[in-house]
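# Close look at the chain arrangement
The lines below spell out each chain.
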Protein chains: 2
Amino acid sequence: MELTLPPGRSDAQFQAALRAFEGVVGAEWVFDTDLDRTTYSDIYAVGPETAHPPSAAVAPASVEEVQAIVRLANQHRIPLWPISRGKNLGYGTAAPRLAGSVVLDLGRMRRILEVNPDLGYCVVEPGVSYFDLYEHIQANQIPLMLSVPGNAWGSVLGNALERGIGYTPMGNHTRQLCGMEVVMPDGDLVRTGMGAMDGNHAWHCFPYAFGPGLDQLFCQSNLGIVTKAGLWLMPEAETQLALSMQASEEDDIAWIVDTIAPLKRAGVISQNQFVSSWLGRLVLMGQRSDFYDGPGAIPEPRVRELLRQHDLGFWYVNIRLYGDDRITRAQADVIKEAFARHTRSTFVEEPWRKGDPFLAVDPSFGAPSAVPLAMGAWTGGRGAHLGFSPVVPPTSAHVMRQFRRSRQRIAEHDLDFYASFTIGDRHANNMNMLMFDRDDPAQIAKVRRAFDALIADAREAGYGEYRTHLDWMDPVARTFDYNDHAQMRLFERIKDALDPNGIVAPGKQGVWPAAYREHRA
Amino acid sequence: MELTLPPGRSDAQFQAALRAFEGVVGAEWVFDTDLDRTTYSDIYAVGPETAHPPSAAVAPASVEEVQAIVRLANQHRIPLWPISRGKNLGYGTAAPRLAGSVVLDLGRMRRILEVNPDLGYCVVEPGVSYFDLYEHIQANQIPLMLSVPGNAWGSVLGNALERGIGYTPMGNHTRQLCGMEVVMPDGDLVRTGMGAMDGNHAWHCFPYAFGPGLDQLFCQSNLGIVTKAGLWLMPEAETQLALSMQASEEDDIAWIVDTIAPLKRAGVISQNQFVSSWLGRLVLMGQRSDFYDGPGAIPEPRVRELLRQHDLGFWYVNIRLYGDDRITRAQADVIKEAFARHTRSTFVEEPWRKGDPFLAVDPSFGAPSAVPLAMGAWTGGRGAHLGFSPVVPPTSAHVMRQFRRSRQRIAEHDLDFYASFTIGDRHANNMNMLMFDRDDPAQIAKVRRAFDALIADAREAGYGEYRTHLDWMDPVARTFDYNDHAQMRLFERIKDALDPNGIVAPGKQGVWPAAYREHRA
């Protein structure tokens, strides 16, 4: 990819900055060839990856090097785009929001600083992947369990900071963050919460401490660069019990949500409860062309035929219970009673006991895997996906409003429908996966039009996205419009106070520093 | 109490400000007589209440009135000290940190805006007390349960914002906050999280939304004035099961913590688990003079005698399980097994079923009460208390270090010892109550010396307080010293950006705006 300079910088100024960065990290950790720029571009770009071109990348190995780079970026007026491992698939991967930013690649900072079995937390640097952490825990026989997302070679810390989710009782990953170390945009180093006291023993035990709480201020944020953080992990359960069931009709999601959500609030179901539509299972069985050959969405009659052939319902529910089996059996009884009020189908029950085989296919099992990414191959070609992810209250009324509207809109755009609801205590993440072939411009154009429409629809109906791709950060941010975008005014007032040169991740989540505000879409 | 003017204001300027406030709220809601000032002073002051004198109070009835007062306070350079109901007993009650501040009394804003039985949350204004909310829930037969602190006539919202605690599964009150409306120091009005989208249905369902998370930024904070917020409530359980036990020796707290904390992390015990020392029970049986007549701490031999006479152990454990009784019975079995590894004592089991009598004495029951405040009468005279509240990791090693040191220090100062540990998932709040007669200067002097020593000891050992009285906000803030107080530098940088005139709660939690920074102790 050809060089796009940082805004307002001449080639000489840019080169001077890179040489200064090399003085910190060594020439081998500054990447500025055409191939390097391609490497740090969005491999799931919804269109040409040149829409968000990095100018270069720099990879520090320590907190001190991050501080030094940040100070130099201020001097040289170079915007930085921090990434952990750059695997934010569907949201921009490693690419920066602002063209010409230098990617600050934290992937070399890969230390697992602590895994505390007595208190149930780990402390990791941004470069630690789920696989890294899992291997460390297995190798040291630590009785703790991970909560993993679909893509386990991504960063543990990056996922939590971006509010990614998993499917265990700790599946709301951002809620498990506790105690951070953050390089501020001026190079200062802050530790949050109890860690603001040097040597405090409860840094990763209690996120609130004394005075305002800062951890969430640094999530989906360009107010600082998180260089380490604590994340809570759950104790490994000696036994687990999975209860799975299919529901044949699309409207079944109404009673499924009304049954699961109260059980979650009562603590009977503790996991972040994933309920997926049929396509989530079909993508694991083959590619689209194995099931249907036409260019547009698989037609309804063919869908019905496929479901019959492959013995699939419209929805798949897989509840996993963790812990002492006296308790999980009692919980299972309560769950079965609740479901029996709505269906004659019964659960398939699968007990698991420590020592039993590893369940790679099930993300609620707690082991890292990349199986769900099989959907990348669905369309053929250079397959990619884009996730439309509004948050809705977990009641049938809200879920059906959201589901029917999105389903209709996606059908109108002649795209395959793949939805899931991940039910938390008081919210559900409705993920609508739009899969496309990056080499098919017509398909990409459809996906983009559908995505624009889905955002506008959701805003109109009163639902917001919790996360989005680089291309839609400004449009989604604009949907947060209360009192003429008062929250954004506040974000940008804080941003300008902490980052007067606007060098940390300008434009992230629609938050623009004064220096680059004219780049807002 | 005589008038203390706001810093740098003449009497004429101050009177002009009050007249301007009267233009907003009416003359009857501006309070500036000597009696008014006494009313808004610290009724639990650790010494003369004149240490933190308010100049006046103003009581707006609506968000718009709060905004108008804030704008006038900027024009007139009058520092405001917002209170909800002013019942922050032991931490300063209604009194301001900075002498001469005008108390902004939000007690008239007392609307319960929503109680959502389907989703399990309420939305309240600052003036709503636990009694108000409980009565509303009872009158409307809403199947939700409260989590209450010891003092239930305090504010639901104020308690959560100040990180107060209760003893149910929702007992970490600040963690239940979800979605706020905040008047900024310049009078702007922000809604946080999903509420930043006008009309969003998930405002009080999901606290993270799109971009940085702000709710905790406004807790123990002077960065804005929270005028309403959502708070999660748990579903009412049809049945409860209480398991109570006494442990005779002071060192028993070691195995108690090591037994309870893993059960909490595994989800077997869901409540915020209160474990109290004997004095917590004795204060409910009478006053100090009923048990001992000397001036200093009750001597050890007399303590032992009292415990025998009243059939008390050193520690009292009361575990309450909530929900379907098949599950709670299984949980009870697991808990009993775990305790049986350490003690031959057995639990007293008390099942409760909806319709059974109300349990006022037990704060884990979920009904508001002021029974624990009986300790106010312990010393006789104008009784008061001060809480020293470090947070420790819930392991025997940390708990014993903290417990032995505080116990010794409190004994050295010849004060009665009353400690509790409230065990959360990964932390414990160690509350040490120092009770005193406000009319006994010698006792007050001892309490103050003990408190100074306790803070210094805890800092030395690596533990921090999560909350403190006005008098110690600066000293406790100073213990958060990592990187030359980097977190405080950040707090004050944000403070100055959002509140250039420094009018909202200057000095709160040690955070001083530029305008008043010379008042730091």
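Residues numbered from 1 in each chain as written. Chains lettered and ligands numbered in written order. Predicted model: local features only at pLDDT ≥ 70, side-chain atom pairs only at ≥ 80, totals over all residues. Heavy atoms only, no water.

This next bit is on the pattern of salt bridges. Residue and element names in this part refer to chain B. Tallied over the full model, the rule gives 71 salt bridges over all chains. Taking the shortest distance from any N to any O, the salt bridge between Arg191 and Glu181 comes out at 2.9 Å. On the criterion of sequence distance, the pair formed by Arg191 in strand S9 (residues 189-191) and Glu181 in strand S8 (residues 177-183) is long-range, its members being 10 residues apart. The burial state of Arg191 is the same as that of Glu181; both residues are buried. (Salt bridge = Lys/Arg side-chain N within 4 Å of Asp/Glu carboxyl O. Helix = DSSP H or I, 4+ residues; strand = E, 2+ residues; numbered from the N terminus. Buried < 20%, exposed > 50% of the residue type's maximum accessible area, 1.4 Å probe, protein only.)

This part takes up the nonpolar core. Within the largest apolar cluster, 280 residues are counted, with the highest numbers of intra-cluster contacts made by A:Trp315, A:Ile335 and B:Ile335. B:Val30, B:Ala57, B:Val103 and B:Leu104 belong to the second largest nonpolar core, which has 39 residues in total. (Core = buried A, V, L, I, M, F, W, Y, C linked by side-chain atoms within 4.5 Å.)

Now for the environment of B:Ala377. Here B:Ala377 lies in the loop between strand S15 (348-353) and strand S16 (383-388). Counting along the chain gives 94 residues from B:Ala377 to B:Val283, while the straight-line C-alpha distance between them is 8.0 Å.

Interface size is commonly expressed as the accessible area that is lost once the parts come together. Residue and element names in this part refer to chain A. When cut into domains, chain A gives domain 1 (11-105), domain 2 (112-235), domain 3 (239-467) and domain 4 (474-519). Spacing between the C-alpha centres of domain 2 and domain 3 amounts to 27 Å. With 23 residues of domain 2 at the contact, the number on the domain 3 side is 22 residues. Regarding the contact of domain 2 and domain 3, the summed buried area is about 1800 Å², with carbon and sulfur atoms giving 66% of it. On the domain 2 side of the contact with domain 3, Tyr134, Ile165 and Tyr167 bury the most area, a combined 32% of that side's loss. At the surface where domain 2 touches domain 3, the tally comes to 0 salt bridges. For the pair domain 2 and domain 3, the number of links is 7 residue pairs in polar contact (both at pLDDT 80 or more). Per element, the largest residue contribution to the side of domain 2 that touches domain 3 is 3 residues, and it comes from helix H4 (residues 130-139). Tallied by class, residues from the side of domain 2 that touches domain 3 come to 13 nonpolar, 8 polar and 2 charged. (Domains from an automatic or database assignment. Contact = heavy atoms within 4.5 Å. Buried area = accessible area lost by both parts, 1.4 Å probe. Polar contact = N/O pair within 3.5 Å; in protein donor to acceptor, adjacent residues only side chain to side chain. Nonpolar A, V, L, I, M, F, W, Y, C, P; charged D, E, K, R; others polar.)

Tallying each qualifying case throughout the model produces 38 aromatic pairs over all chains. Judged by centre distance (6.1 Å) and plane angle (35°), the rings of B:Phe31 and B:Tyr40 are tilted. The residues B:Phe31 and B:Tyr40 share a single accessibility class, namely buried. Through a chain of ring-to-ring contacts, three or more aromatic side chains come together here, namely A:Phe314, A:Trp315, A:Phe403, A:Phe417 and A:Phe421. (Phe/Tyr/Trp six-rings, centres within 6.5 Å; stacked < 30°, edge-to-face > 60°.)

Of the transformation superimposing chain B on chain A, the axial component is 0.0 Å and the angular component is 180°, with the fit at an RMSD of 0.0 Å. Seen this way, the second copy is the image of the first under a two-fold rotation axis. The residues that chain B uses at the interface reappear at the interface of chain A in 100% of cases, marking a shared surface. (Least-squares fit on C-alpha atoms with pLDDT ≥ 70 in both.)

Further remarks concern helix H6 (residues 252-265) of chain B. Residues separated by three or four positions in an α-helix point in the same direction, a consequence of the helix having 3.6 residues per turn. If you check H6(B), its first and last C-alpha atoms are 21 Å apart, about what 14 residues at 1.5 Å a residue would give, namely 20 Å. Buried residues dominate H6(B), accounting for 12 of its 14 residues. (Expected span 1.5 Å × (residues − 1).)

This part is about the sheet that holds strand S5 (residues 112-116) of chain A. All names here are of chain A. Strand order across the open sheet formed by 5 strands is S5-S6-S10-S8-S9, with antiparallel pairing between neighbours. Edge positions in the sheet fall to S5 and strand S9 (189-191), since each of these pairs with one other strand and no more. The average undirected angle you get between the axes of adjacent strands in this sheet is 10°. By the bridge criterion, 4 bridges tie strand S6 (residues 121-124) to strand S10 (residues 225-232) in an arrangement that is antiparallel. Considered in S10, the bridge of Cys122 is made with Leu231. (Pairing = 2+ DSSP bridges. Axes fitted to C-alpha atoms, helices over the stretch in contact; angles between N-to-C directions.)

Attention now goes to the confidence of the model for chain A. Residues shown with low pLDDT carry predicted positions that ought not to be read at fine detail. With 100% of its residues at a pLDDT of 70 or more, chain A has an overall mean of 96. Across the interfaces of the predicted complex, the ipTM metric reaches 0.97, alongside a pTM of 0.97. (pLDDT = per-residue confidence, 0-100.)

Here we come to a nonpolar patch on the surface. Residue and element names in this part refer to chain A. The grouping of Leu284, Met285 and Val361 at the surface amounts to a nonpolar patch, some 270 Å² of accessible area in total. Inspection of the secondary structure puts Met285 in the loop between helix H7 (279-282) and helix H8 (288-291). Taking the relative accessible area as the measure of exposure, Met285 reaches 42% and is therefore partly exposed. (Patch = residues over 30% accessible without salt bridge, like charges linked within 9 Å, V, L, I, M, F, W, Y side chains within 5 Å. Areas by Shrake-Rupley, 256 points an atom, 1.4 Å probe, with all protein chains shown as cover.)

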